[in-house]
Amino acid sequence: MHEMSIAVNIIDILKGEMEKHDAARLKGVKLKIGELTAIEPESLRFCFEALTEGTNMEGAALTIEEISLKGKCLTCNTTFKLDRYFTTLCPRCGGKPGNLISGRELDIESMEIE
Ligand SMILES: [Zn+2]
């Protein structure tokens, strides 16, 4: 379950930030997770809750925003939603998707501390 190691990493970053700001408690955190990371939000939530139990992060409100996979057509520059295997073609001209615009995110968008 790769969500566990991801939760460990996220908690590490949060811990560092809390120390930097001399925070006593984590109230909430907002994550952005791209579809391509293949993270199950519910598993991640479960791991986060298990790992923060009994710490100053316990009970923090975890908000997970899922970011869908989007690419830009190489031919006409239309932005469109892709499947995970990049087999979707441009709905406007049938062209192939070029640059990935979103879907790789694994970011801590914001955190609330006190
Ligand atoms: Zn196109």
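Each remark here, short or long, concerns the structure printed above.
About the thresholds
All residue numbers refer to position in the chain's written sequence, counted from 1. Given that this is a predicted model, residues contribute local features only at a pLDDT of at least 70 and side-chain atom pairs are listed and counted only at 80 or more, while totals for whole chains, interfaces and linings are drawn from all residues. Each side-chain value is worked out from all heavy atoms of the structure, with water and hydrogens disregarded. For two strands to count as paired, DSSP must find a minimum of two bridges between them. By the criteria applied, helices consist of DSSP H or I runs no shorter than four residues and strands consist of E runs no shorter than two, each listed in order from the N terminus. Here an axis means a line fitted to C-alpha atoms, over the contact stretch when the element is a helix, while the angle between two N-to-C directions is reported on a 0 to 180 degree scale. The contact criterion used is simple: two residues touch if any of their non-hydrogen atoms lie within 4.5 Å. Definition of a polar contact: a pair of N or O atoms within 3.5 Å, with one able to donate and the other able to accept a hydrogen when the atoms are protein atoms, and with sequence-neighbouring residues admitted only if both atoms are side-chain atoms. Distances define the donors: N, O and S atoms within 2.8 Å of the metal qualify, as do those within 3.2 Å of Na, K or Ca. Water is excluded, so some sites may look unfinished. Square planar and octahedral assignments, for four and six donors respectively, both demand that opposite donors be over 155 degrees apart and that all other angles lie between 65 and 115; tetrahedral needs four donors with all angles between 85 and 135 degrees, and anything else is irregular. Burial classification: accessible surface area is computed with a 1.4 Å probe over protein chains only, and a residue below 20% of its type maximum counts as buried, one above 50% as exposed, and the rest as partly exposed.

## Looking at the sheet that holds strand β2 (residues 61–67)
Spatial ordering of the open sheet is given by β2-β1-β6, a layout of three strands whose pairing is mixed. The open sheet terminates on both sides in strands that have one partner only, identified here as β2 and β6 (106–113). Pairwise comparison of adjacent strand axes, ignoring direction, gives a mean angle of 15 degrees for this sheet. Looking at chain direction, strand β1 (residues 26–34) and β2 are connected through seven bridges and run parallel. Bridge pairing in β2 places Lys 32 opposite Glu 65. With respect to the sheet, helix α1 (residues 2–20) is in contact with β1 and β6, its orientation differing from that of β6 by roughly 45 degrees. Where helix α2 (residues 41–52) meets the sheet, its contacts fall on β1 and β2, and the angle it forms with β2 comes to roughly 155 degrees.

## Quick notes on the side chain of Thr 52
Turning to its location among the elements, Thr 52 is positioned in helix α2. In this structure the side chain of Thr 52 is engaged in a polar contact, spanning 2.8 Å, whose partner is the backbone oxygen of Phe 48. Of note is the side chain of Thr 52, whose polar atom sits 3.4 Å from the backbone oxygen of Glu 49.

## Re the coordination of the zinc ion
Taken together, the protein ligands of the zinc ion are Cys 73 (SG), Cys 76 (SG), Cys 90 (SG) and Cys 93 (SG), with distances of 2.3 Å. One can describe the site at the zinc ion as tetrahedral: its four donor atoms subtend angles covering 102 to 114 degrees at the metal. As a motif over one chain, the donors of the zinc ion read C-x2-C-x13-C-x2-C. Placement of Cys 76 in the loop between β3 (70–73) and β4 (79–81) and of Cys 93 in the loop between β4 and β5 (97–102) is noted, with a sequence separation of 17 residues between them. Owing to a relative accessible area of 40%, Cys 93 belongs among the partly exposed residues under this scheme.

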